[in-house]
Amino acid sequence: MRRRSVNARTLTTKRAAAREFARHGSGYILVAYLAAALVLRRRRGRPARADATVVAAVAAIQPFFEWTLHRYVLHAPPTSIAGRPFDPGAAHRGHHRAPDDVAGALLGARYAAADGLVVAGLAAALGRLVAGPAGTITGAAAGQGALLAYEWTHLLAHTGYRPRTRWFRRLRAAHLRHHFRDERANFGVTSRLGDRILGTAA
Ligand SMILES: [Zn+2]
Ligand SMILES: [Zn+2]
């Protein structure tokens, strides 16, 4: 989809944020992945206790996955591998340069398509680990749900929407602090647990 420059702070309601979210490709791609995984899972029969275990495992690991990726990949300095430039943090540096730009705050269609597959693979492996082969597809679905939650929460944190709950007010303040005061703190986006446990909460 065509990139438009919209200042996230001008979006002051969840509805306005959702409308803007719907003008970008990432949400559609992640919802499509999630729907595909749920259809595949449904074909294998009714939900079982193992599914709940897998969803809980994915939810438990998400804060630390998010923290690790943000801390070590998105904030990695540019380097080179076998003489070729390798800069996995380029897009994120762009987001730090222009934190109010909606398009930069979202993954974008290409990254969503690629990241969705990577997350599906990792979460499917986790699902298999905790619940055997039956947990694979549920893991992939839970991973997409987590990535979708990340995408929406991150966008909302950058908008002018005033949080109604203390939980989101703190979450949003922590992310904005990461942007505007200390890039070495508050790497969590959907949760502050990773920062609390790993010592980077500010
Ligand atoms: Zn951000
Ligand atoms: Zn960052």
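Attention here is on the structure that accompanies the text.

## Focus on unusual backbone geometry
Stage number 1. Unusually for a residue other than glycine, Ala 82 sits at a positive phi of about 50 degrees.
Stage number 2. Inspection of the secondary structure assignment puts Ala 82 in the loop between strand S1 (79-81) and strand S2 (84-86).
Stage number 3. A relative accessible area of 81% places Ala 82 in the exposed class.
Stage number 4. Phi angles above zero are rare outside glycine, and Asn 186 is one such case at about 60 degrees.
Stage number 5. Topologically, Asn 186 is positioned in the loop between helix H8 (166-180) and helix H9 (193-198).

## Description of a nonpolar patch on the surface
Stage number 1. Residues Ile 61, Phe 65, Leu 69, Tyr 72, Val 73, Val 118 and Leu 122 make up a contiguous nonpolar surface patch of roughly 610 Å² in combined accessible area.
Stage number 2. Examining the composition of the nonpolar patch, we find that 5 residues originate from one element, helix H3 (residues 49-74), more than from any other.
Stage number 3. Secondary-structure assignment places Phe 65 in helix H3.
Stage number 4. In this structure Phe 65 comes out as partly exposed when scored by relative accessible area, which is 34%.

## Re the coordination of the zinc ion (ligand 2)
Stage number 1. Protein coordination at the zinc ion (ligand 2) comes from His 70 (NE2), His 75 (NE2), His 92 (NE2), His 96 (NE2) and His 178 (NE2), with a distance range of 2.0 to 2.2 Å.
Stage number 2. Mapped onto the sequence, the donors of the zinc ion (ligand 2) take the spacing H-x4-H-x16-H-x3-H-x81-H. With His 96 in helix H4 (residues 90-97) and His 178 in helix H8, the pair connects residues that are 82 residues apart, well separated along the chain. His 178 shares its class with His 96; the two are buried.

Conventions we followed
Residues numbered from 1 in each chain as written. Chains lettered and ligands numbered in written order. Predicted model: local features only at pLDDT ≥ 70, side-chain atom pairs only at ≥ 80, totals over all residues. Heavy atoms only, no water. Helix = DSSP H or I, 4+ residues; strand = E, 2+ residues; numbered from the N terminus. Buried < 20%, exposed > 50% of the residue type's maximum accessible area, 1.4 Å probe, protein only. Patch = residues over 30% accessible without salt bridge, like charges linked within 9 Å, V, L, I, M, F, W, Y side chains within 5 Å. Areas by Shrake-Rupley, 256 points an atom, 1.4 Å probe, with all protein chains shown as cover. Salt bridge = Lys/Arg side-chain N within 4 Å of Asp/Glu carboxyl O. Donors = N, O, S within 2.8 Å, 3.2 Å for Na, K, Ca; no water.

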